[in-house]
Amino acid sequence: MAVLAATTGGALSAPAAAEGETPPGQVTFPTQCLVPQEAGIPPADGPTTARITVDDPAPQVGDTVTVTYQVLATPALNPIAGELPADALTPTGRIVLAGAQSGEVTVVGTKRNDPVPAGAPLPAVTMTGTFTVTAPGEITLAPGGYTLHTSHLLDLGTTCTAAGPSATPVSERLTATELPTANLRSVFLGAAYGRPGATVKVTAAGFPPGATVTVAGRAGAAETADRATATADERGTALVELPVTDKATTAVIAYEGAAWSARGGSGPAAYTVIDTVPAIPTPIPTPIPTPIPTPTQTPTPIPTPAGTRKVTVTVEPGALGMTQTGEDITLGAVPYGDGGAAPGRIGTVTVTDARGGPAGWSLIGKVTDFTGPGGIRIPGASLSWTPSCVAAEGSKSPCTPGSAGVVGPDGAVLASTRDAPLVGGTFAVDAVVTLQVPPYTPPGAYTAVLTLTLS
């Protein structure tokens with residue numbers, strides 16, 4: 001786990017409608033527009049024609065969506081006795097969310113209008129706003145009330161709301177999906193082999209704090225009778241002593257829930273049950289018959305063959321582990337206002353694989369949001385890396401660096417080796433990292449935590 005610190009100093013448009021067709025998202029609903037009493041004009045009733053569009057119709061949970069609310073026609077009239085000059089009209093409004101996510105989005109427009117003659121309808125306006133997607137599924141967007149504020153001679157706000165109890169028609173829809181998450185659960189063994197009944201120390205990592213973690217033996221795709229449970233601590237780690245009695249056990253897994261799954265469980269860690277070696281019997285020499293001598297021949301004694309013994313040597317497998325140069329990572333400074341890329345590197349991570357088995361390994365990293373002064377955050381997804389990996393001379397496995405791209409809180413592969421009949425070696429892993437700092441991020445130091453998990 002490392003600490004990272006950085007110091008700071010286009011929208012998609014909706015498809016166009018063919019001539020004579022109603023543009024997508026355009027709706028009409030009855031409204032009543034009220035003006036403050038000092039304007040001296042009665043309420044205006046009539047239809048409002050509006051249109052809502054979004055910059056991303058298929059976001060993921062956590063994404064920020066920009067919405068545009070256009071009032072194309074309104075019954076509201078110029079509230080002052082004379083001509084309303086150019087750029088004296090400020091629109092505000094709200095959009096109603098329903099379906100998978102409920103609530104309202106506030107939208108605001110700029111002062112941008114042509115002159116409006118006395119008593120004439122107010123012109124079309126455009127307002128924008130944003131909201132964060134919090135749930136997967138279909139979300140509908142309907143136009144809510146809007147206010148047209150004039151600032152010439154008098155500050156007057158004409159407020160228009162839907163007439164009648166029925167809701168305004170849905171103008172736009174989007175479908176949100178769950179944010180994909182990497183499975184960072186892993187299992188580490190204190191020993192890679194043992195005799196039947198031996199207890200192996202198991203460390204299960206990457207689980208939710210407080211989760212009940214099951215550690216079990218596995219033979220191929222099936223679980224064996226070897227099983228134990230523990231509760232993950234505040235770091236998501238569970239320590240288990242697993243007695244391995246089933247001679248069929250070839251690996252150990254860890255998972256939460258009723259059964260192992262690719263989403264809720266770790267990959268297998270190889271384990272070998274070494275049965276007691278049987279005693280090797282001493283071969284009994286085969287008697288060789290003595291030839292019958294002739295009168296001219298003297299019998300020659302034949303020596304008894306020496307006994308034989310089998311000689312055995314055991315190469316004991318080791319463990320999979322890693323060490324890292326240093327702890328803290330300091331990224332380059334970024335000037336206030338411009339924003340831009342803050343460069344750096346994570347420092348060499350040395351992976352040693354002395355297990356001697358067929359299983360490869362993966363090194364995965366994930367990063368939290370960067371937190372700065374006053375709790376201001378830079379999203380962890382703003383950090384990307386370009387990994388590198390070099391296998392030391394004599395290593396049995398080639399090392400594959402992960403793909404260049406975003407690290408983020410969901411994790412990305414830093415380096416890995418494939419499964420093979422015989423793997424192992426020493427590997428130097430590193431990565432060049434870049435944090436994209438948004439323009440006008442307040443000055444100060446921003447800190448995040450990078451966690452590396454080896455399995």
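What counts, and where the lines are drawn
Along each chain, the written sequence defines residue order, and numbers are assigned to residues from 1. Owing to the predicted nature of the model, reporting of local features is limited to residues with pLDDT of at least 70; listing and counting of side-chain atom pairs is limited to 80 or more, with chain, interface and lining totals taken over all residues. The side-chain figures draw on all heavy atoms in the structure; neither hydrogens nor water molecules are used. Only DSSP runs of H or I with at least four residues qualify as helices, and only runs of E with at least two residues qualify as strands; both kinds are numbered from the N terminus onward. Note on exposure labels: buried denotes an accessible area under 20% of the residue type's maximum, exposed denotes more than 50%, and partly exposed covers the range between, all computed with a 1.4 Å probe on protein chains only. What sets the accessible areas is the Shrake-Rupley method with a 1.4 Å probe; for residues, cover comes only from the shown protein chains. By definition, disulfides here are pairs of cysteine sulfur atoms that lie within 2.5 Å. Only heavy atoms enter the contact rule, under which two residues are in contact if any of them lie within 4.5 Å. Here the rule is simple: two strands pair whenever DSSP picks up at least two bridges between them. Working convention: axes come from line fits to C-alpha atoms, limited for helices to the stretch in contact. Angles between N-to-C directions cover 0 to 180 degrees. Residues belong to a common nonpolar core when they are buried Ala, Val, Leu, Ile, Met, Phe, Trp, Tyr or Cys residues joined through side-chain atoms within 4.5 Å. The salt bridge criterion pairs a side-chain nitrogen of Lys or Arg with a carboxyl oxygen of Asp or Glu, the two atoms within 4 Å. Pairing of aromatic side chains requires ring centres within 6.5 Å, counting the rings of Phe and Tyr and the six-membered ring of Trp. Pairs whose planes differ by under 30 degrees are stacked, by over 60 edge-to-face, and all others tilted. Counting as a charge over the ring demands two things of the Lys NZ or Arg CZ atom: a distance within 6 Å of the ring centre and an angle within 35 degrees of the ring normal.

**A short note on the overall build of the protein**
Looking only at helices and strands, the protein features 0 helices and 32 strands. Considering the protein as a whole, with its 455 residues, one finds that 38% of them fall into the buried category. Within the structure as shown, the protein displays about 24,000 Å² of accessible surface, and the carbon and sulfur contribution to it stands at 57%.

**A few points about the state of the cysteines**
Put plainly, two cysteines are in a disulfide when a covalent bond ties their sulfur atoms together. Evaluated as defined, the whole model comprises 2 disulfides. The residue that forms a disulfide with Cys33 is Cys160, at a sulfur-sulfur distance of 2.1 Å. On the S-S bond that ties Cys33 to Cys160, the torsion sits near 115°, and the link is right-handed. Of this pair, Cys33 sits in strand β2 (residues 26–34) while Cys160 sits in strand β9 (residues 154–162), placing them 127 residues apart in sequence. For Cys33, a relative accessible area of 1% corresponds to the buried category. Two residues, Cys389 and Cys399, share a disulfide whose sulfurs are 1.7 Å apart. Its torsion about the S-S bond being 90°, the disulfide of Cys389 and Cys399 is classed as right-handed. Here Cys389, found in strand β27 (residues 383–391), pairs with Cys399, found in the loop between β27 and β28 (400–401); they are 10 residues apart in sequence, far enough to count as distant. Taking relative accessible area as the criterion, Cys389 reaches 13% and is therefore assigned buried. Given the relative accessible area of 14%, Cys399 is considered buried. Here the cysteine-cysteine linkages of the protein are recorded as 1-2, 3-4, numbering only bonded cysteines and doing so in sequence order.

**Section: the environment of Ser151**
One can find Ser151 in strand β8 (residues 137–152). Sequence spacing of Ser151 and Pro85 is 66 residues, and the spatial spacing of their C-alpha atoms is 9.6 Å. Once you skip the residues sitting within four places of it in the chain, Ser151 turns out to touch Ala88 and Lys111.

**Focus on unusual backbone geometry**
A positive phi angle is found at Asp87, which is not glycine, with a value near 55°. In this structure, Asp87 sits in the loop between β4 (64–73) and β5 (89–99). Take Asp87: its relative accessible area is 43%, and that puts it in the partly exposed class. Look at Tyr440: it is not a glycine, yet its phi comes out positive at around 60°. If you trace the backbone, Tyr440 turns up in the loop between β31 (425–437) and β32 (444–454). A relative accessible area of 59% places Tyr440 in the exposed class.

**Here we look at the sheet that holds strand β16 (residues 238–244)**
Read from one edge of the open sheet, 3 strands run β11-β13-β16, paired in antiparallel fashion. With one partner strand each, in any of the chains shown, β11 (186–189) and β16 form the two edges of the open sheet. If you compare each strand with its neighbour and ignore which way they point, the axes differ by 30° on average.

**Focus: the sheet that holds strand β17 (residues 251–256)**
Pairing in this open sheet of 4 strands is antiparallel, and the strands run β15-β14-β17-β18 from one edge to the other. Each edge of the open sheet is held by one strand with a lone partner, namely β15 (222–231) and β18 (269–270). Of the strand pairs in this sheet, strand β14 (residues 212–219) and β15 are connected by 7 bridges, and their pairing is antiparallel. Bridge pairing links Thr212 to Thr231 in β15.

**Description of the nonpolar core**
Grouped together as the largest cluster of nonpolar side chains are 37 residues, with contacts concentrated most on Val67, Tyr69, Ile95, Phe131, Leu141 and Tyr146. Listed in part, the 32 residues of the second largest apolar core include Leu331, Ala412, Phe427 and Leu435.

**Observations regarding the pattern of salt bridges**
All told, the structure shown has 7 salt bridges when counted by the stated rule. Of the charged contacts, one joins Glu223 and Arg227 as a salt bridge, the two residues approaching to 2.8 Å between their closest N and O atoms. The class for Arg227 is partly exposed, based on a relative accessible area of 42%.

**Details of the packing of aromatic side chains**
Across all of its chains, the model carries 2 aromatic pairs by this definition. Ring centres of Tyr336 and Tyr440 lie 5.7 Å apart, and the angle between their planes is 85°; on these two criteria the pair is classed as edge-to-face. Remark: Tyr440 occurs in the loop between β31 and β32 and Tyr336 occurs in the loop between β21 (328–330) and β22 (340–345); sequence separation between them is 104 residues. One cation-aromatic arrangement involves Arg218 over Trp260; the distance from NZ or CZ to the ring centre is 4.7 Å.

**Details of the side chain of Thr224**
Mapped onto the elements, Thr224 comes out in strand β15. Apart from residues lying up to four places away in sequence, Thr224 is in contact with Gly217, Arg218, Ala219, Asp246, Ala248 and Thr249.

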